Amino acid sequence: MTKKNTRFIAIETLDQLKRSNSPLPILFQKICTRHHVQGNDRALAMNLIYGVLRQYQYLDHLITMLCRQPLKKLHPLVHQGLAVGLYQLMFLSRIPESAAVNETVNAIKATKTPKRLHGFVNGVLRESIRQRSKLPKPEDSGDNNQPILNHPSWLTERWAANFGQEEMHAICRQNNQQQPLVLRVNSNKIKRDEYLHLCITNKIEARFCKYSPDGLLLPQYQGAIATLPGFKDNYFQVQGEAAQLATLLLKPFQADGRYLDGCAGLGGKTGHLLDLLDAYSAELTAIEPESHRHKKLADSFKDALTHKKLTLFKGSLQEYCQRPPTPFNGILLDAPCSGTGVIGRQPDIRWNRTNKDINRYAAIQLELLGKAASLLLPDGVLVYATCSLEPEENQEVISAFLANNPQYLLTDCTPFLPDTGVSLVREGFFQPRPSDTLDGFFAARLVRRRINA
């Protein structure tokens, strides 16, 4: 029986992803669990999957040049196998060419495809080595002398219309790079410079983030998060720099106040809010309907739950509003969205979204914003955030909300950000675009006016 190696895991995941459009993290975890893949093997498989997704059009261009057979006629597993093999040969110089070819061919054998296809994959990959000097580089032009952007045309056309051709190209280039690990240091546990020193002592390259006062960048780290120093002591959370800054927009915090995280997700902003509210003896409620994420929140924040600093609600924001609950001083609504601002970190998004998804998400966001606003006290602050670059999900949602809710005032985000983050504000909104350390993001800060009797 042929062993199912890391290349097999990558090929199977890519194949199932294309067939099902399932969220990549969930699909990848299921496949790793089924085949008992852990540690370095899991990390390599993830590297291969994410790398192929970032370079898919370029790799297809190479396959087209190296194969006589049209892409549409390739066996789906062979197609993914060639992409995985070529990604190793073109991008992962640390892997010997012989290992890249042999392990990929062994993975194809493990898929139980016809034997003749094993030799086909072997031949194409070895031919790519022989022709390496003649093959185009990722930055070279493809068909019709157009650049290979590794994004679907509906998305690049949208960005070109909204941001201009040059900015669209810059976003695509950034999304095609492997994104560095960003941490938020828990300043209630350890100072940022102390944790930086701890990383350096452990021979982990680290430096301060450019914008966030609590952010730390680990540009080369590819190991398991659990092996970082201070993991068990909750010295840090994995959280993008833009998300760290967006949470600050809830300031100023009220002593003994009540705050709501309306869409908690994996708990990055929940943890940040707990840290920020600690000095104010304030309470936080976090809402999360999905069972797995709700359990993860409960496991991650046991201490806060024990000390009654945090209350978890398992259900949607719509369900929470049926209670009805006591109003809040501040609400963070990190709404579900298309995720086009975090494509560099989640490369499957570019291939499993469509143009129709944008308006679908916008309708959901506007409903959630209305629900969240109904829970806010007079003079309270509501921060609406997405990790989308699309105006329909951002400025247009805010405009539609304000048109029907005159008691809410849109305020400038600038005064609530550190000086380093002021340049990320456009027209009063916090809206960085993808860069070497930042995800694309959007946040608006709303205040409920006090109506005089």
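Please refer to the structure placed before this passage.
A short tour of the structure in this document, coming up. Being a predicted model, the structure only gives us computed values, none of them experimental. (Residues numbered from 1 in each chain as written. Predicted model: local features only at pLDDT ≥ 70, side-chain atom pairs only at ≥ 80, totals over all residues. Heavy atoms only, no water.)

### Regarding the overall build of the protein
To keep things clear, this is the line we draw: A helix here means a DSSP run of H or I that spans at least four residues, while a strand means a run of E at least two residues long, and both kinds are numbered starting from the N terminus. We take the radius of gyration over the C-alpha atoms and set the globule estimate at 2.2 Å times the residue count to the 0.38 power. In this scheme, a residue with accessible area under 20% of its type's maximum is buried, one over 50% is exposed, and one in between is partly exposed, where area comes from a 1.4 Å probe on protein chains only.
The helix and strand tally for the protein stands at 18 helices and 13 strands. Computed over C-alpha atoms, the radius of gyration of the protein comes to 24 Å, within 12% of the 22 Å expected from 2.2 N^0.38 for 453 residues, which places it in the range of a compact globule. In terms of principal-axis extent, the alpha carbons of the protein reach across some 80 × 45 × 40 Å. Counting only residues that meet the buried cut, the protein has 54% of its 453 residues in that class.

### Considerations on the packing of aromatic side chains
What counts here: Any pair of Phe, Tyr and Trp rings, taking the six-membered ring for Trp, is counted once the centres come within 6.5 Å. Such a pair is stacked with planes under 30 degrees apart, edge-to-face with planes over 60 apart, and tilted for the rest.
Applying the stated rule across the entire model yields 14 aromatic pairs. On the basis of an interplanar angle of 55° and a centroid distance of 6.3 Å, the ring pair of F430 and F441 is categorised as tilted. Taken together, the residues F430 in strand β12 (residues 429-430) and F441 in the loop between β12 and β13 (442-448) connect sequence positions eleven residues apart. In this pair, the class of F430 matches that of F441, namely buried. Three or more aromatic residues link up through ring pairs in this structure, and these residues are Y195, F231, Y235 and F236.

### Observations concerning helix α5 (residues 76-91)
Quick reminder of the rule: Expected helix span is computed as 1.5 Å times (number of residues minus one).
Its 16 residues place the ends of α5 22 Å apart at the C-alpha level, agreeing with the 22 Å of an ideal helix rising 1.5 Å per residue. Most of α5 sits inside the fold, with 13 of its 16 residues counted as buried.

### Some points on the sheet that holds strand β4 (residues 236-238)
Using the following cut-off: When DSSP finds two or more bridges between a pair of strands, those strands are recorded as paired. Whether two residues are in contact is decided by their heavy atoms, any of which lying within 4.5 Å being enough. Here an axis means a line fitted to C-alpha atoms, over the contact stretch when the element is a helix, while the angle between two N-to-C directions is reported on a 0 to 180 degree scale.
In space, the four strands of this open sheet follow the order β2-β3-β1-β4, with antiparallel pairing throughout. Looking at which strands have only one partner, the edges of the open sheet turn out to be β2 (207-208) and β4. Pairing of β2 with strand β3 (residues 215-218), which is carried by two bridges, proceeds in the antiparallel orientation. Residue F208 lies in a different strand from β3, and its bridge partner there is L216. Together, β1 (181-185), β2, β3 and β4 form the strand contacts of helix α10 (residues 192-201), whose direction differs from that of β3 by roughly 15°. Packing of helix α12 (residues 268-277) onto the sheet brings it into contact with β1 and β4, and relative to β1 it is tilted by some 25°.

### Examining empty space enclosed by the protein
Spelled out, the test is: Two kinds of site are reported from a 1 Å grid over the protein atoms alone, namely cavities, where a 1.4 Å probe fits but cannot get out, and pockets, open sets with protein on both sides within 12 Å along at least five of seven lines, and residues are called lining when an atom falls within 4 Å of a point. Grid points are joined across faces, edges and corners, and a volume is the space filled by probe spheres set on the points.
Throughout the structure, instances matching the rule amount to one cavity of 30 Å³ or more. Computed from the structure, the largest cavity encloses a volume of approximately 40 Å³. Q174, N175, Q179, G341, V342, G344, R345, P434, S435, L438 and D439 are the residues that line the largest cavity.

### Brief notes about the pairing of β13
Of all seven residues that make up β13, six are buried, and the element is covered over most of its length. Bridge count for strand β9 (residues 376-386) against β13 is six bridges, and the pairing is antiparallel. Residue A385 lies in a different strand from β13, and its bridge partner there is A443. By the bridge criterion, four bridges tie strand β10 (residues 408-411) to β13 in an arrangement that is antiparallel. Bridge pairing in β13 places T411 opposite R445.

### Describing the packing of helix α4 (residues 56-66) against α5
Using the following cut-off: Just so you know how the angles are binned, under 35 degrees is roughly parallel, over 145 roughly antiparallel, 65 to 115 roughly perpendicular, and the rest oblique. Under the grouping applied here, Gly and all other residues not named as nonpolar or charged are polar, the nonpolar ones being Ala, Val, Leu, Ile, Met, Phe, Trp, Tyr, Cys and Pro and the charged ones Asp, Glu, Lys and Arg.
One can describe the packing of α4 onto α5 by two numbers: an axis separation of 10 Å at closest approach and a directional angle of 105°. Taken together, the axes of α4 and α5 lie roughly perpendicular to each other. Residue-level contacts link Y56, Y58, L59, D60, L62, I63 and L66 of α4 to H79, Q80, L82, A83, L86, Y87, M90 and F91 of α5. Of the residues in the contact of α4 with α5, the class split is twelve nonpolar, two polar and one charged.

### What to know about unusual backbone geometry
Residue K251 is joined to P252 through a cis peptide bond whose omega torsion reads 0°. For P252, the position within the fold is in the loop between α11 (241-247) and β5 (258-261). Residues R323 and P324 are joined by a peptide bond in cis, for which omega reads -15°. With phi around 65°, K112 is a residue other than glycine that occupies positive phi space. In this structure, K112 sits in the loop between α6 (97-110) and α7 (115-130). Although it is not a glycine, D379 sits at a positive phi angle of roughly 70°. Checked against the element boundaries, D379 lands in strand β9. Residue D379 is classed as partly exposed on the basis of its relative accessible area of 45%.

### What to know about the layout of surface pockets
By volume, the second largest pocket amounts to about 450 Å³. Lining the second largest pocket are 21 residues, and of these Q57, Q146, P147, I148 and L149 sit closest to its centre.

### Brief notes about helix α9 (residues 165-175)
Selection criterion: Taken from the helix axis, the directions to the C-beta atoms give the arc we talk about.
Where α9 is concerned, the buried positions are M168, I171, C172, Q174 and N175. Projected down its long axis, α9 carries its buried residues within an arc of 165°, all on one side. Exposed and facing more than 90 degrees away from the buried side of α9 are E166 and R173. On the buried face of α9, the contacting elements are α3 (39-54), α8 (153-163) and α16 (349-352).

### Considering the nonpolar core
Which entries qualify depends on this criterion: What we call a nonpolar core is a set of buried Ala, Val, Leu, Ile, Met, Phe, Trp, Tyr and Cys residues that are connected through their side-chain atoms within 4.5 Å.
Of all hydrophobic cores here, the largest spans 52 residues; its most connected members are W159, L250, L310, F430 and F441. Every element with two or more residues in this core is listed here: α8, α9, α11, α12, β6 (283-287), β7 (310-313), β9 and β13. Residue contributions to this core peak at five residues, all from α8. Setting aside residues no more than four positions away along its own chain, L310 makes contact with T270, L274, L284, A286, F301, A304 and L305. Formed by 49 residues, the second largest nonpolar core is a distinct cluster that contains L27, L82, L86 and L92.

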